[in-house]
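Coordinates in review
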Amino acid sequence: MGNQEKMKIRTWRRMTEIFQAILILGLPFLRINGESALRFDIPTLRLHFFGASLWMQEFFIVLVAGIFLTLLIVLVTLLFGRVWCGWLCPQTVLVDFTPFMDRAARKGFVYKGASYLMTFAVSVLIAASLIWYFVSPYEFFPGLLRGSLGQVTWGFWLVLTGILFLNFAFLRHRFCATICPYAKLQSVLFDKSTLIIELDPARANECINCSGCVRACPTGIDIRKGADAACINCAECLDACSRVMSKLNKNGLIHYAFGVGGGGSILRQNVFVVGGFVLLFLAATLFFSMGRTGIDLTVLPHNLEPRIVRDGRILNAYVLSVKNMTHKPVTLYVTVERFDATVSQSLNEPIRLGPEMADKFPLFVKTQNPLKLKGSRKIAITLQDRERNITVTEDTNFVVPDEL
Ligand code: SF4
Ligand code: SF4
C-alpha cells in the first residue's frame, strides 16, 4: 500500500463515522408503514423494525437475531480485532466529533468553559436521539412544544444527558480502556492471526523516534512497544507515521497486519467454527422472520362444560383469542379438524379483524355421531387467511364426557 493510499484511512474512517451518525440520528425519523423504522414501543411492548411490528409473543425472533449478532461480533473480532472500536463504535464516533474538547483544554479557561457548553448541547441532542428509539420523534417534538412530554421521558432525558456529558467531557477515550465491557472481552477473542495495527517488525530499525505516532494516539499508546489492549484500531498512528516517513520518501512503518509481522492466516479452524454458527443463526433468523403469519391464535376454555346435547351429539365450547398483528384488516375462516370428518363448528361466518386489533370469539364444536372412546381427543383449530394464503393452527382437547 503506498503513502497516498495510507493517507486516506482517516478520510475513510470519517466518512464511515458521518454515515453512522446520520443513520443513528435519522433512523427514528424514517417512517415505514406509518411507524419509525426502528423503535421499541414500551406501552404496547412492540418492536417496530423496518415496517414489521414484532409483538411480545414473537420476541423469540429477536432473541435468535440477538444470538446471530453476538456471534457475528465474535467472528468480526476474531478476524479483524478492534475494527468495531475504531470504525463503528458510537463512543469512538462521538468522541471523534468533539475534538474541540481536547484542543480547548489547552487554550485556557474561557475556551474550556465554551467547550463544556458545546459538549452539553451535543449531549442533550444525543440523549434525545436515544429516546427517539422509544418515543417517536413525531410524538416527542409536539409533546415538547405542548409541555406534555411526561415525567418519565424528561427523567430519562436528563439522566442520559448527564451520563453522556460526563463521558464526553471527562472520560472520552479513557472509557474504552477502563469501562467498556467489549474492550475487556477482546483479549479472550483475539488469537495470533487477528488483524492488528503494529510497527512493522521488519522495518522497526527505520524508526526515527519522532514520537508522531504516540502524539496522534487518542488513547496514549506507544505502538512501538508492541500490541496494547487499549488500542482501538483507529489507525491515527498509521496516518501519522505515513506523514512523517513520506517526507523521507518512504512508506510508513506502521501497518495493518494479520498477526504479528503479518504471519497469521485468515482461514483457520476457530473462524470456520464460529462462522458456521453465524450462518446457522442467520438461517434461523431468516426462517423465523419469513415464517411470521401476523396472526396470533390462543384457544381458551369456555365456561360451558363438555356435554351431550339433545340429539345425542357431544358438544365442547372454546373461546378463540385472535390477534391481528399486521397493519391491514384480515378475514379469517375457521375450520376444526383431526379425529374424524364428522366434526362441525359454530363459526360459519369468517372472523374479521382490523389492523392491529384483537378480539375473542366463542366456538362450539360438536361431533355428529357419538364417539366410541371416552376421555379426551386432540382436535386442530385452524384460521385461514385466504387472501395471503396463510394458515394458523392450534391444537386443543375435545373432551368426551363420562355420562356417554
Ligand atoms: S495505537 Fe494507533 S491504532 Fe491503536 S489507538 Fe493508538 S493511534 Fe489508534
Ligand atoms: S511516527 Fe513512525 S517514525 Fe515516528 S516514532 Fe512513530 S513509528 Fe517511529
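For the structure, check the block above.
Summarised in this report is the structure supplied together with it.

So, how was this worked out
Residues numbered from 1 in each chain as written. Chains lettered and ligands numbered in written order. Predicted model: local features only at pLDDT ≥ 70, side-chain atom pairs only at ≥ 80, totals over all residues. Helix = DSSP H or I, 4+ residues; strand = E, 2+ residues; numbered from the N terminus. Contact = placed C-beta atoms within 7 Å. Near = placed C-beta within 6 Å. Nonpolar A, V, L, I, M, F, W, Y, C, P; charged D, E, K, R; others polar. Pairing = 2+ DSSP bridges. Axes fitted to C-alpha atoms, helices over the stretch in contact; angles between N-to-C directions. Buried ≥ 20, exposed ≤ 12 C-beta atoms within 10 Å, placed from the backbone. Expected span 1.5 Å × (residues − 1).

**Regarding the overall build of the chain**
Secondary structure assignment for the chain yields 13 helices and 16 strands. Its C-alpha atoms give the chain principal-axis dimensions of roughly 105 × 60 × 35 Å. Of all intrachain contacts in the chain linking residues separated by at least 6 positions in sequence, the fraction that spans at least 24 positions is 68%.

**Re the site of ligand 2**
If you check the shell around ligand 2, you find 14 residues, and the closest are Cys207, Cys210, Gly212, Cys213 and Cys241. Every element with two or more residues in the shell around ligand 2 is listed here: α11 (212-216) and α12 (236-246). Per-element tally for the shell around ligand 2: the top contributor is α12, with three residues. In terms of residue class, the shell around ligand 2 is built from 10 nonpolar, three polar and one charged.

**Points about the sheet that holds strand β5 (residues 52-54)**
To summarise the sheet geometry, strands pair through backbone hydrogen bonds and adopt either a parallel or an antiparallel arrangement. Spatially, three strands are ordered β3-β4-β5 in an open sheet, and the strand pairing comes out antiparallel. The open sheet has two edge strands with one neighbour each: β3 (38-41) and β5. Each strand axis lies, on average, 15° off the axis of its neighbour in the sheet, ignoring direction. Pairing geometry for strand β4 (residues 46-49) and β5, over three bridges, is antiparallel. Within the sheet, the bridge partner assigned to Leu47 lies in β5 and is Leu54.

**Things to note about the site of ligand 1**
Surrounding ligand 1, one finds 13 residues, the nearest of these being Cys217, Cys231, Cys234, Glu236 and Cys237. Residues of the shell around ligand 1, tallied by class, amount to 10 nonpolar, two polar and one charged.

**Thoughts on the environment of Phe59**
You can see Phe59 is positioned in helix α2 (residues 59-80). On the basis of neighbour count, Phe59 is assigned to the partly exposed category, with 14 C-beta atoms found within 10 Å.

**A closer look at the sheet that holds strand β15 (residues 375-385)**
Strand order across the open sheet formed by four strands is β13-β11-β15-β16, with antiparallel pairing between neighbours. With one partner strand each, in any of the chains shown, β13 (351-353) and β16 (390-400) form the two edges of the open sheet. The mean inter-strand angle of the sheet, taken between neighbouring strand axes irrespective of direction, is 25°. Taken together, the three bridges between strand β11 (residues 330-337) and β13 define a ladder with antiparallel strand orientation. Counted as the bridge partner of Val330 is Leu353 from β13.

**A word on the pairing of β3**
Two strands pair when backbone bridges link them, and β3 and β4 are joined in this way by four bridges, in the antiparallel orientation. Looking at the pairing, Phe40 lines up with Leu47 of β4.

**Here we look at the pairing of β15**
For a regular strand, side chains alternate in direction, first toward one face of the sheet and then toward the other. As paired elements, β11 and β15 share five bridges and run antiparallel to each other. Bridge pairing in β15 places Glu337 opposite Ala380. Bridging between β15 and β16 involves 11 bridges; their strand directions are antiparallel. Bridging from a neighbouring strand, Thr382 pairs with Thr393 of β16. Between β15 and β16, which follow one another and run antiparallel, lie four residues, and Asn389 among them has a positive phi close to 55°.

**Details of unusual backbone geometry**
One non-glycine residue, Phe50, lies in the positive phi region at around 45°. Take Phe50: it is sitting in the loop between β4 and β5. Given 12 C-beta atoms within a 10 Å radius, Phe50 is considered exposed. At Ala235, a position not held by glycine, the phi torsion is positive, near 70°. Here Ala235 is to be found in the loop between α11 and α12.

**Overview of α2**
Along an α-helix, residues three or four apart share an orientation, since each turn contains 3.6 residues. Across its 22 residues, α2 extends 31 Å between first and last C-alpha, which sits within 8% of the 32 Å expected from 1.5 Å per residue. Looking only at α2, the buried set comprises Phe68, Leu75, Thr77, Leu78 and Leu79. On its buried face, α2 sits against α10 (181-189), β6 (195-199) and α13 (269-290). Positive backbone phi, at 60°, marks Gly81, one or two positions downstream of α2.

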